[in-house]
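Structural characterization, general
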Amino acid sequence: MVDQSHKTAWITGASSGIGEALAKAFVGSGGHAVLSGRNVAELERVAHATGAPERCCILPFDTVDYAALPSKVAEAIAYQGKIDVLVNNAGISQRSPAIDTDLSVYQRIVDVDLLAPIALTQALLGHLVSNGHGQIIMISSVAGKAGIPMRTAYCAAKHGLIGYADALRSEVAGQGVKVLVVAPGSVRTNVSRNALNADGTVRGTSDAAIDNGIDPDVVATTIWDAVDAGKREIVIAEGMEAGIPVLRAQDPEKLFDMVEAMVADGYAQKIAAR
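Described below are features of the structure shown in this document. (Residues numbered from 1 in each chain as written. Predicted model: local features only at pLDDT ≥ 70, side-chain atom pairs only at ≥ 80, totals over all residues. Heavy atoms only, no water.)

Along the backbone of the chain there are 10 helices and 7 strands. Against the globule reference of 19 Å for 274 residues, the chain gives a C-alpha radius of gyration of 18 Å, in line with a compact fold. In terms of principal-axis extent, the alpha carbons of the chain reach across some 55 × 40 × 35 Å. Counting over 274 residues, the chain shows a buried share of 50%. Taking as baseline every contact in the chain between residues at least 6 positions apart, the subset at least 24 positions apart corresponds to 70%. Just so you have it, the chain exposes about 11800 Å², and 53% of that area is on carbon and sulfur atoms. Charged side chains in the chain number 23 positive and 30 negative. The centres of these two groups are separated by 3 Å. (Helix = DSSP H or I, 4+ residues; strand = E, 2+ residues; numbered from the N terminus. Rg over C-alpha atoms; globule rule 2.2 N^0.38 Å. Buried < 20%, exposed > 50% of the residue type's maximum accessible area, 1.4 Å probe, protein only. Contact = heavy atoms within 4.5 Å. Areas by Shrake-Rupley, 256 points an atom, 1.4 Å probe, with all protein chains shown as cover. Lys, Arg positive; Asp, Glu negative; His and termini not counted. Charge placed at Lys NZ, Arg CZ, Asp CG, Glu CD.)

The end-to-end C-alpha separation of helix 9 (residues 252-264) is 18 Å, in line with the 18 Å expected for 13 residues at 1.5 Å each. After helix 9 finishes, the residue G266 shows a positive phi value of roughly 95°. (Expected span 1.5 Å × (residues − 1).)

Bringing the environment of R188 into the picture now. For R188, the position within the fold is in the loop between strand 6 (177-184) and helix 6 (208-211). Linking R188 and I58, residues 130 residues apart in sequence, is a C-alpha distance of 24 Å. Residues in contact with R188, not counting those within four places in the same chain, are I210, D211, N212, G213, I214, D215 and P216. A distance of 2.9 Å separates a polar atom in the side chain of R188 from the backbone oxygen of G213. Side chain to side chain, R188 and D215 meet in a polar contact 3.3 Å long. (Polar contact = N/O pair within 3.5 Å; in protein donor to acceptor, adjacent residues only side chain to side chain.)

As for its position among the elements, E20 is in helix 1 (residues 17-28). Residue E20 is classed as buried on the basis of its relative accessible area of 11%.

With that settled, the discussion passes to the side chain of T50. Here T50 lies in the loop between helix 2 (40-49) and strand 3 (56-58). A polar side-chain atom of T50 sits 3.2 Å from the main-chain amide nitrogen of A52. Leave out the neighbours within four places in its chain, and T50 touches A23, K24, V27 and C56.

In this section: the environment of D62. Tracing the sequence through the fold places D62 in the loop between strand 3 and helix 3 (69-80). For the pair D62 and E238, spaced 176 residues apart in sequence, the C-alpha to C-alpha distance is 32 Å.

Summed over all chains, the structure comprises 2 aromatic pairs. Both rings, one in W10 and one in F61, keep their centres 6.2 Å apart while their planes meet at 50°; by these two values the pair is tilted. In this pair, W10 is assigned in strand 1 (residues 8-11) and F61 in the loop between strand 3 and helix 3, connecting sequence segments 51 residues apart. Note on F61: relative accessible area 7%, which makes it buried. An angle of 40° between the planes, with centres 5.0 Å apart, marks the rings of F26 and W224 as tilted. One end of the pair, F26, is in helix 1; the other, W224, is in helix 7 (residues 216-228), with 198 residues separating them in the sequence. (Phe/Tyr/Trp six-rings, centres within 6.5 Å; stacked < 30°, edge-to-face > 60°.)

Moving on, we come to the packing of helix 8 (residues 239-250) against helix 9. At a minimum axis separation of 6 Å, helix 8 and helix 9 run at an interaxial angle of 135°. When the axes of helix 8 and helix 9 are compared, the pair comes out oblique. Taking contact as the criterion, the partners of M240, I244, L247, R248, A249 and Q250 in helix 8 are, on helix 9, P252, K254, L255, F256, M258 and M262. Residue classes in the contact of helix 8 with helix 9 are distributed as 9 nonpolar, 1 polar and 2 charged. (Axes fitted to C-alpha atoms, helices over the stretch in contact; angles between N-to-C directions. Parallel < 35°, antiparallel > 145°, perpendicular 65-115°, else oblique. Nonpolar A, V, L, I, M, F, W, Y, C, P; charged D, E, K, R; others polar.)

This part covers the packing of helix 3 against helix 4 (residues 103-131). Pairs of packed helices are described in terms of their axes, by the angle between the two and the distance that separates them. Their axes nearest at 10 Å, the elements helix 3 and helix 4 cross at an angle of 50°. When the interaxial angle is binned, helix 3 and helix 4 end up oblique. The way helix 3 lies across helix 4 gives a crossing that is right-handed. Contacts between helix 3 and helix 4 involve L69, V73 and I77 from the first element and A119, L120, A123, L124 and H127 from the second. Considered class by class, the residues forming the contact of helix 3 with helix 4 number 7 nonpolar, 1 polar and no charged. (Left-handed = near helix turned anticlockwise from the far one by under 90°.)

Next up on the list: the pairing of strand 1. Regular strands place side chains that alternate from one sheet face to the opposite one. Along strand 1, one buried face is formed by T8 and W10 and the opposite face, lined by A9 and I11, is buried too. Sheet topology note: the strand 1/strand 2 (residues 32-35) ladder contains 4 bridges and is parallel. Directly across from W10, in strand 2, lies its bridge partner V34. Between the parallel pair strand 1 and strand 2, the chain is carried across by helix 1, and the sense of this crossover is right-handed. Examined bridge by bridge, strand 1 and strand 4 (residues 85-88) share 3 bridges and lie parallel to one another. Bridge pairing links A9 to V85 in strand 4. (Pairing = 2+ DSSP bridges. Right-handed = clockwise from strand over helix to strand, strands pointing away.)

Honestly, it's all geometry; don't read function into it.
Shown next, in the form of structure tokens:
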């Protein structure tokens, strides 16, 4: 990474996974970080894991607590007098067939994965524009580029996040604010373990694909390299997952056949059995 001294990044979902890795890489390169999430103890652990806890600000809050946003934005800005980078990373996934899934699951996932990052971005946008520079990073998913079985709510939210980011990028490009969309595939995080079941309960178990996924530190390095290179969208995936966005754009019928074949071959049952 390039030297991040004199820069401050605000990272949501910073208590584990990709958020933690992004924080460690950014602070490790000399930057300051505002670490947000709901688990204070884990945020404090991450701050110490960066090797420079004195350059970390613990700012716990629930991203769907929209009433708290004005005060949280003010606190984040006050830490170093400005925010240079906003990373909307907090999110929640799903593992359930649509026919069985309660509407409350859709409401919860769309709230956390789509409306919350939009709300935080909107609350901070004026600050970034007034500074004449800034970087917004939206952590979407390969599931935001193509529909993946057992994740209808998650796909809906992550697709929506890309649409918002694409439109926003065009509006603020001339004002010095950049927008990067990141679409990871399987990454070794707790995303599957924390996913919601059809009734809204937490799944509690992981997937083999996730357990064998990309190291979060590799993902973080790739993201910061993309920021340095001025990229606007990147896919971070391996194997079949890396080809899904390409196939969706070039030959959607082939992709639809492939995914339907996965379901016909018992994909949903295999996921549910874990």
